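# Fold and contact review
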Amino acid sequence: MATQLIFAIFNALSMGMAIFMVAAGITLIFGLLKILNMAQGAFFMIGAYIAFSLIDHQQLSLLAFIGVALLAGLGVAVLGLLTDRLILSRLRHVDYHYMLIATFALMMVCQGAVKLIWGVNFFSVMPPLVLDQPLQIGTLFLSRYSLFVIAAGLVIYVILEVAIHRLWLGKLMQSLASNPWMSGLLGINVSLGLTFSVMFAFFLAGLAGGLMLPLQSLSPQLGDAYLLYGFFAIIIGGLGNVRGALLGSILLGLVNSLNTILLPEWPGIAIYVVLAVFLFFRPEGLFPSLASQPQSAGEQGSSAMVGNKAHRPAWMVAGALVVVLAASLPLWANGGLLYVAGSAIVYGLFALSWNILFGYTGLASFGHSAFFAIGAYFTGVLLRDWPQVPFLLVLLGCAVFGAVVACLVGALALRRLAGIFLAVLTIALAEVTRLLISYSDFLGREDGLVGIPRPKLAWLGFDLDSSAAYYWFLLAAVVLLVAVLWWVLHGRFGRLLLITRQDPERAAFLGVNVTRVRTASFMLSGAVAAVAGGLYAPWARIVTLEQVSFLASTQPVLNAMLGGVHSFWGPMVGAVIFAVLEYGTRTFVGLSEIMVGALLLLIILAAPNGVVGLWRAWASRARTYRATQRPRETEPESGEPLRESR
Amino acid sequence: MDILRVEEVDKNYGALEVLKQVSLSVPAGCIFAIIGPNGAGKTTLFKVMTGESPCNAGNVFFQGENVTRAPAHWRARAGMGRTFQVARVFNDFSVLENVVAAIEARRRYQHQPAGRFWAVEPAREVLAEAHQLIADIGLATVISHAARFLSHGDRKRLEFVIALALKPRVLMLDEPTAGMSPADRLGIADLILRIRDQMGVTVVMTEHDMDIVFRLADRIMVLSYGETVACGGVADIKGNPAVQEVYLGKEMNHA
Ligand SMILES: Nc1ncnc2c1ncn2[C@@H]1O[C@H](COP(=O)(O)OP(=O)(O)OP(=O)(O)O)[C@@H](O)[C@H]1O
Ligand SMILES: [Mg+2]
């Protein structure tokens, strides 16, 4: 019994230290830039791959092994320099959500690149010779390599504490926390200091990747779990705080170790439960820091969300034409094209649901695929096993299911630091959904649900079995839903969301309960996403775990950003454009992650208002041009009546 | 009766003690001015009173109720309107939309008709109320301009209208005339008087312009380094040597 206990604690410590090595870099970047680096896990993984290539199947001496890990760290630090110069430094003065999305996109690019360079196979690496044999103490066998990991974690912790309390790093963090602009005046070279610190944080990620390479097998998914656990550790410990990150990591290690002993058939679940309970009772973390909510600029926008009425009738005709064109597709298009079109319609609705949250409320979800999957699996199971339930009722069930889940997550995430917590908790939601599905027999575990039948609308006498029939139903349902959302978002509920996005504090002083409004928006968003999933299941006739991957969660973000988040129609436009792009490049399999990620990065850096934003800028330039030709007939740009002429 | 009362409030930012045992009470219907040099803690006191940030010790009472732990939106609903030192309005909206949004917010929690949920247009009564308020304050000419492009003075005025749209019992104004031209300052001063006299709104304000303070205020509190230096009527403050010292006699000579 005692040996078992010691063994469990030992495992907890080694896992905790492993988490800490990733969490340290995340918390460092958060302390400096006030953003979560979603790509930290991916760079950890890249460090591991670099070390793997350097080791090249040999068994090294301890010193050589450490040297390899340091080299991996340096390699990743160089990537950090590139990242900072090319991406982060350009986004320092915009709403922090764009930075979050950019690092998320970067993570996709990294994963895609790793798959291209090293392939998708699993590799494993032996620990260095001296660490290979277990250490025997009495009847107890402890892995020397795990001891090494624990020691390495402690050394990194000590180095960080010294750097923060004795060296430049702490001063930089402090002056940045209080006032970045002032510290510029005080002669601290902020930009250089930031770049250097970001490189340091990346170095830590790469080093950790190298050091922990023999701890588990290497695959392109390696970074995902560490990223999540790293996030959880810094949330539990208190954001931007190294000691908190250490304690949080060890706590997670303990929880996971207990989980393997007490609940062996549900590995990895307890951590989520503990996180939820912890957030409920102590949302500020163990060591709350002074770091306040990052400035939500909300300044990105243009008054355009409120509507551009200059050409209303023309737009209505155009919209009607698009719907007619879409409706005529089954009559002339081939099966492949029809499938792409139907999926694009669903993804358009999905992207719109994401943008209810981002464009209208100013909050970003990075795990929206969870809602989509909830809807898709719910519908899939019901259609397959209980076909007698009316399909419209099933869709309603999806909406309720999505809203309830959103309400629960929102209750935890939307109380403090709403933006950051929601980002982490939505990722966690996607991950926990994936875990639960993969443990459930009736959801098909890893294989997914296959052979989902198409529904019948019994009381209307429609059989939607053929692709054309279901496609028409899909189109009608989405048009109807979008119309309803249009009304809701352009009325006073929309105005309520928009004022909370633009300035939540100002809105609170108008008597608006910001938390409630945000929760309502999240619930609406979750419900619509789940309905999109519900519509998708019988269309694709198969739903798999891929629907809950990071890639799937990026899809609505990309579509919305591509089309333009400051426009109601942007997400739909984006979904169509992306579908066309994807259809055109469908032969290049394996590029999808790089393509999705790179495209998203490009949009954020070059055209953050998307295609619709570009169009509007062009249209307004054209108007101004015409105005200068005929100066007397025009009013000032801002003088366009916004409300009356709707 | 005192409509707003602050009792021995402490507020720290880390090691920095910004407010030390500050107390004040504002009788209903008066204009109460808080003055003091830059960094005295005036804005911080406003934050504590309005619920923007919590205090470390002490209590805040609003209309007899202890609201120390009440969130900002709760106090706003109870009748506490405010403006910010740097005007905050909804930049993506036009002037009219700003005011409409504020009125709709109030009607929502007061359970007055605010128009149908799905109606794109604001309800007729909301629009009428908004036009009335905007005309009252003299923003009618820029009613459809985007708030982002307003001049500084108009922004301040717009923020004023937004706060008034709440029909507050107490209006908290943080430097309402900062950065305005002399003519505009007088306009705002008249407006504040009018609000108090016609609508019976109690006003709590901070201000650096002593002319305006002495013209408007019924009671004045002087804050320096987070401590109350003096508190009383205009005459008391003008003659108080401690206040002279805080201001180095500079602004006082103007007055
Ligand atoms: N969020 C904060 N974190 C740390 N210190 C702060 C914070 N806000 C204000 N302070 C400090 O508190 C003190 C009081 O600030 P406050 O803004 O209340 O002064 P004020 O009287 O309103 O000054 P002014 O007349 O310039 O507006 C200042 O020293 C300021 O630096
Ligand atoms: Mg101030």
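Treat the numbers as computed from the prediction; the structure is a model and nothing was measured.

### Overview of the coordination of the magnesium ion (ligand 2)
All names here are of chain B. Taken together, Thr 43 (OG1) and Gln 85 (OE1) make up the full set of protein donors to the magnesium ion (ligand 2), lying 1.8 to 2.1 Å away. Within this pair, whereas Thr 43 is found in helix 1 (residues 42-50), its partner Gln 85 is found in the loop between strand 6 (80-82) and helix 3 (95-109), the two being separated by 42 residues in sequence. Given a relative accessible area of 24%, Thr 43 falls into the partly exposed group. Take Gln 85: its relative accessible area is 34%, and that puts it in the partly exposed class.

### Quick look at the domain arrangement of chain A
Residue and element names in this part refer to chain A. Segmentation of chain A into domains returns domain 1 (2-281) and domain 2 (322-620). Taken over C-alpha atoms, the centre of domain 1 sits 32 Å from the centre of domain 2. Tallying the contact residues gives 41 residues for domain 1 and 40 residues for domain 2. Together, the buried faces of domain 1 and domain 2 total about 3,600 Å²; carbon and sulfur atoms form 83% of this surface. Scanning the region where domain 1 abuts domain 2 turns up 0 salt bridges. Connecting domain 1 to domain 2 are 0 residue pairs in polar contact (both at pLDDT 80 or more). When residues of the side of domain 1 that touches domain 2 are assigned to their parent elements, the largest contribution, 17 residues, is made by helix 4 (residues 96-118). Here the residues of the side of domain 1 that touches domain 2 are counted per class, giving 33 nonpolar, 4 polar and 4 charged.

### Description of the domain arrangement of chain B
Residues and elements named next belong to chain B. Here chain B is partitioned into domain 1 (1-79 + 168-255) and domain 2 (88-167). Counting residues at the interface gives 19 residues for domain 1 and 13 residues for domain 2. A buried area of about 1,300 Å², summed over both sides, lies between domain 1 and domain 2, and 68% of it is on carbon and sulfur atoms. The interface formed by domain 1 and domain 2 holds 1 salt bridge in total. Residue Asp 184 pairs with Arg 157 through a salt bridge whose shortest N-O separation is 3.0 Å. Applying the counting rule to domain 1 against domain 2 returns 3 residue pairs in polar contact (both at pLDDT 80 or more). Listed by contribution, the elements that provide at least two residues to the side of domain 1 that touches domain 2 are helix 2 (72-78), strand 7 (170-174) and helix 6 (182-199). When residues of the side of domain 1 that touches domain 2 are assigned to their parent elements, the largest contribution, 6 residues, is made by helix 6. Counted by class, the side of domain 1 that touches domain 2 contains 11 nonpolar, 1 polar and 7 charged residues.

### With respect to the sheet that holds strand 4 (residues 57-62) of chain B
All names here are of chain B. Across the sheet, 4 strands lie side by side as 2-1-4-5; this open sheet has antiparallel pairing. Looking at which strands have only one partner, the edges of the open sheet turn out to be strand 2 (16-27) and strand 5 (65-66). Pairing of strand 4 with strand 5, which is carried by 2 bridges, proceeds in the antiparallel orientation. Opposite Phe 61, over in strand 5, you have Asn 66 as the bridge partner.

### A closer look at helix 13 (residues 335-360) of chain A
Residues and elements named next belong to chain A. Over its 26 residues, helix 13 runs 36 Å from end to end, which matches the ideal 38 Å to within 8%, given 1.5 Å per residue. Considering bend angle alone, the principal kink of helix 13 is centred on Trp 354 and spans about 35 degrees. Judged by how many residues are buried, helix 13 sits mostly within the fold: 20 of 26 residues are covered. Backbone geometry just after helix 13 places Gly 362 at a positive phi near 80 degrees.

### A word on the interface of chain B and chain A
Facing the 43 residues of chain B at the interface are 38 residues of chain A. Of the roughly 3,700 Å² buried at the junction of chain B and chain A (both faces included), carbon and sulfur atoms supply 58%. Among the residues chain B hides against chain A, the three largest losses belong to B:Phe90, B:Asp92 and B:Val120. Together they make up 19% of the total. Taken together, chain B and chain A are joined by 5 salt bridges. Note that B:Asp92 is salt-bridged to A:Arg501, the shortest N-O span being 2.3 Å. Of all the elements in the fold, those that place two or more residues in the side of chain B that touches chain A are helix 2, helix 3 and helix 5 (152-164) of chain B. When grouped by side-chain class, the residues that make up the side of chain B that touches chain A number 21 nonpolar, 10 polar and 12 charged.

### Some thoughts on the side chain of A:Asp224
Tracing the sequence through the fold places A:Asp224 in helix 9 (residues 222-237). No salt bridge is formed by the buried A:Asp224; its nearest oppositely charged neighbour, A:Arg434, is found at 6.9 Å.

### Thoughts on a nonpolar patch on the surface
Residue and element names in this part refer to chain A. On the surface, Leu 258, Ile 261, Leu 262, Leu 263, Trp 266 and Leu 436 cluster together into a nonpolar patch covering about 560 Å² of accessible area. Looking at which element gives the most residues to the nonpolar patch, the answer is helix 10 (residues 242-262), with 3 residues. Topologically, Leu 263 is positioned in the loop between helix 10 and helix 11 (270-281).

### Here we look at the packing of helix 2 (residues 40-55) of chain A against helix 3 (residues 62-86) of chain A
Residue and element names in this part refer to chain A. Running from N to C, helix 2 and helix 3 cross one another at 135 degrees; their axes reach a closest spacing of 9 Å. By the criterion of interaxial angle, the relationship of helix 2 to helix 3 is oblique. Note on packing geometry: the crossing formed by helix 2 with helix 3 is right-handed. Where helix 2 approaches helix 3, its residues Phe 43, Ile 46, Gly 47, Ile 50, Ala 51, Leu 54 and Ile 55 are matched on the opposing element by Phe 65, Val 68, Leu 71, Ala 72, Gly 75, Val 76, Leu 79 and Thr 83. For the contact of helix 2 with helix 3, the class distribution of residues is 12 nonpolar, 3 polar and no charged.

### A few points about the packing of helix 18 (residues 492-502) of chain A against helix 20 (residues 514-540) of chain A
Residue and element names in this part refer to chain A. Close contact between helix 18 and helix 20 brings their axes to 10 Å; oriented N to C, the two are set at 120 degrees. Considering only the axes of helix 18 and helix 20, their crossing is left-handed. Between helix 18 and helix 20, the residues in contact are Phe 493, Leu 496, Leu 497 and Thr 500 and Val 514, Val 517, Ala 520, Ser 521 and Leu 524, respectively. Among the residues making up the contact of helix 18 with helix 20, the classes are represented as 7 nonpolar, 2 polar and no charged.

### Structural notes on the site of ligand 1
Residues and elements named next belong to chain B. In the region of ligand 1, 13 residues are neighbours, and Asn 38, Lys 42, Thr 43, Thr 44 and Gln 85 sit closest. Asn 38 is positioned with one of its side-chain polar atoms (N or O) 2.8 Å from an oxygen atom of ligand 1. Here Thr 43 contributes a side-chain N or O atom positioned 2.6 Å from an oxygen atom of ligand 1. Of all the secondary structure elements, the ones that give two or more residues to the shell around ligand 1 are strand 2 and helix 1.

### Here we look at the state of the cysteines
Under the criterion given, the structure shown has 0 disulfides over all chains. This cysteine, B:Cys231, is not joined by any disulfide, and B:Cys30 carries the nearest cysteine sulfur, 9.7 Å off.

### Considering the pairing of strand 9 (residues 219-224) of chain B
Residue and element names in this part refer to chain B. Across the 6 residues of strand 9, 5 count as buried, placing the element largely inside the fold. Relative to strand 9, strand 3 (residues 31-35) runs parallel, the two sharing 4 bridges. Looking at the pairing, Phe 32 lines up with Arg 219 of strand 9. Sheet topology places strand 9 next to strand 10 (residues 227-232); 5 bridges connect them, and they run antiparallel. Bridge pairing in strand 10 places Val 222 opposite Ala 230.

### What to know about the environment of B:Gly41
Residues and elements named next belong to chain B. Note on placement: Gly 41 falls in the loop between strand 3 and helix 1. According to the relative accessible area criterion, Gly 41 is buried, its value standing at 5%. For the pair Gly 41 and Gly 226, spaced 185 residues apart in the sequence, the C-alpha separation amounts to 5.3 Å. Ignoring any residue separated from it by four or fewer positions in sequence, one finds Gly 41 in contact with Val 18, Leu 19 and Leu 223.

### Describing the pairing of strand 2 (residues 140-143) of chain A
Residue and element names in this part refer to chain A. Residues Leu 140 and Leu 142 point to one face of strand 2 and are all buried, whereas Phe 141 and Ser 143, pointing to the other face, are not buried. The pairing of strand 1 (residues 134-137) with strand 2 spans 4 bridges and is classified as antiparallel. Across the sheet, the residue bridging to Ile 137 is Leu 140, located in strand 2. Remark: 2 residues form the turn of the hairpin made by strand 1 and strand 2, two consecutive strands paired antiparallel; Gly 138 in that turn has positive phi of roughly 60 degrees.

The rules behind these values
- Residues numbered from 1 in each chain as written.
- Chains lettered and ligands numbered in written order.
- Predicted model: local features only at pLDDT ≥ 70, side-chain atom pairs only at ≥ 80, totals over all residues.
- Heavy atoms only, no water.
- Donors = N, O, S within 2.8 Å, 3.2 Å for Na, K, Ca; no water.
- Helix = DSSP H or I, 4+ residues; strand = E, 2+ residues; numbered from the N terminus.
- Buried < 20%, exposed > 50% of the residue type's maximum accessible area, 1.4 Å probe, protein only.
- Domains from an automatic or database assignment.
- Contact = heavy atoms within 4.5 Å.
- Buried area = accessible area lost by both parts, 1.4 Å probe.
- Salt bridge = Lys/Arg side-chain N within 4 Å of Asp/Glu carboxyl O.
- Polar contact = N/O pair within 3.5 Å; in protein donor to acceptor, adjacent residues only side chain to side chain.
- Nonpolar A, V, L, I, M, F, W, Y, C, P; charged D, E, K, R; others polar.
- Pairing = 2+ DSSP bridges.
- Expected span 1.5 Å × (residues − 1).
- Bend = angle between axes of the 7 residues up to and from the residue.
- Lys, Arg positive; Asp, Glu negative; His and termini not counted.
- Patch = residues over 30% accessible without salt bridge, like charges linked within 9 Å, V, L, I, M, F, W, Y side chains within 5 Å.
- Areas by Shrake-Rupley, 256 points an atom, 1.4 Å probe, with all protein chains shown as cover.
- Axes fitted to C-alpha atoms, helices over the stretch in contact; angles between N-to-C directions.
- Parallel < 35°, antiparallel > 145°, perpendicular 65-115°, else oblique.
- Left-handed = near helix turned anticlockwise from the far one by under 90°.
- Near = heavy atom within 4 Å.
- Disulfide = S-S within 2.5 Å.

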